[in-house]
Amino acid sequence: MSWLSSLLSVLPFTVNVSGRKHNAIMKIGHLFKLNQIPTVNYKGRSIIVKGHAPAQIINFAAHNFFQDFERSALAHFMQTHLQKGALFIDVGANLGGYSFLAKQQELLVYNAEPVPGLSAFLQENEVAFGNHIGKAFSNENGSAEFYISDDNIGGSSLIASNKGWEASGYTHKVQVPVVTFDSVFCNIIADHTKQAMVKIDVEGNEEKVVQGMHNTLANGKIKYIWCEVRGPQSDRNANSYIAVAALLAAHEYGAYSYTAGTGLMAFDPLKHVKQFFDLVFIKQDLKD
């Protein structure tokens, strides 16, 4: 652990994959050439960071980075609803914060991330983050243009912005392989003997991801689906929550909002709709 990471670990703030705090920490770390440190040890797991530019925030501020995930509503939900050995599938893993927590919780973890730099990091660190799939998920197999934001890599997506290129925040495009959820996970989930949870965070492409889950959903073995959806103000697939909720309702999933303080609450579109927000969908005949 670097001296910077040691110092930041005692300060009461978290840091994410982008933003002012992230950028300031990155500047300090590079100024003192701390990016030459090959590995970071966090909670008993060794994470290879050297050679992975997007992952340097874990090098410089591992404690603060992972705490951002550990304090989240999703982390609380995982801890209170998933048993040891459950299957956790992280679609749109980014730097793998939730996959890391799932591994710490002794779940069987798969993660998917198409951004080349992020994918390479997760591939080299499967021991810490779980089985990696370096592909984008959608409603058909093939390849597609993927829009990347260097300033906010977590905002990269298969979906173009309706604001146009200049205002989109994207900086470049790459061609990535695309698969359906069914083609990768249908048999894996069918053969798994314990509960399964899927987390989806794909920056506007969530409707197509769920369309590509049709056969797996028909098996009836996914208990929870945690999905970031878009509201009316989103510039990428606005109001995706309507289509996602309808697709999952057809497979008997109820839609809920969730916080650590209030727990599950039936989703009310008159109260909960924002530019983007999280919903948890629960298979009704598998509900606790």
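Presented here is an overview of the structure given in this document. (Residues numbered from 1 in each chain as written. Predicted model: local features only at pLDDT ≥ 70, side-chain atom pairs only at ≥ 80, totals over all residues. Heavy atoms only, no water.)

**With respect to the layout of surface pockets**
Then, in step 1: Estimated volume of the second largest pocket: approximately 240 Å³.
Then, in step 2: In this structure, the second largest pocket is lined by Ala 73, Trp 226, Ser 257, Tyr 258, Thr 259, His 272, Lys 274, Phe 276, Phe 277, Asp 278 and Leu 279.
Then, in step 3: Contributing elements (two or more residues each) for the lining of the second largest pocket: strand 11 (253-259) and strand 13 (276-283).
Then, in step 4: The element contributing the most residues to the lining of the second largest pocket is strand 13, with 4 residues.
Then, in step 5: Here the residues of the lining of the second largest pocket sort into 6 nonpolar, 3 polar and 2 charged. (1 Å grid on protein atoms, 1.4 Å probe; cavity = no way out; pocket = protein on both sides within 12 Å on 5 of 7 lines; lining within 4 Å. Points joined across faces, edges and corners; volume = space filled by probe spheres on them. Helix = DSSP H or I, 4+ residues; strand = E, 2+ residues; numbered from the N terminus. Nonpolar A, V, L, I, M, F, W, Y, C, P; charged D, E, K, R; others polar.)

**Thoughts on the state of the cysteines**
Then, in step 1: The final tally for this structure, using the stated rule, is 0 disulfides.
Then, in step 2: A disulfide-free cysteine, Cys 186 has its sulfur positioned 19 Å from the sulfur of Cys 227, the nearest such atom.
Then, in step 3: Accessibility expressed as a relative area gives 16% for Cys 186, which makes it buried. (Disulfide = S-S within 2.5 Å. Buried < 20%, exposed > 50% of the residue type's maximum accessible area, 1.4 Å probe, protein only.)

**Brief notes about helix 3 (residues 56-70)**
Then, in step 1: A maximum bend of about 105 degrees is found in helix 3 at Ala 62.
Then, in step 2: Summarising burial for helix 3: 13 of the 15 residues are buried, a large majority. (Bend = angle between axes of the 7 residues up to and from the residue.)

**Remarks on the sheet that holds strand 3 (residues 87-91)**
Then, in step 1: Taken in spatial order, the 8 strands line up as 5-4-3-9-10-13-11-12 in an open sheet, and their pairing is mixed. Two strands in the sheet have a free side with no partner beyond their single neighbour: strand 5 (131-133) and strand 12 (263-266). Going across the sheet, the axis of each strand differs from the next one's by a mean of 25 degrees, ignoring polarity.
Then, in step 2: Two strands pair when backbone bridges link them, and strand 11 and strand 13 are joined in this way by 4 bridges, in the antiparallel orientation. Residue pairing in the sheet places Tyr 256 in a bridge with Val 280 of strand 13.
Then, in step 3: Sheet strands touched by helix 9 (residues 181-191): strand 3, strand 4 (108-112), strand 5, strand 9 (196-200) and strand 10 (222-230). Its angle to strand 3, the strand with the most contacts, is close to 175 degrees. (Pairing = 2+ DSSP bridges. Axes fitted to C-alpha atoms, helices over the stretch in contact; angles between N-to-C directions. Contact = heavy atoms within 4.5 Å.)

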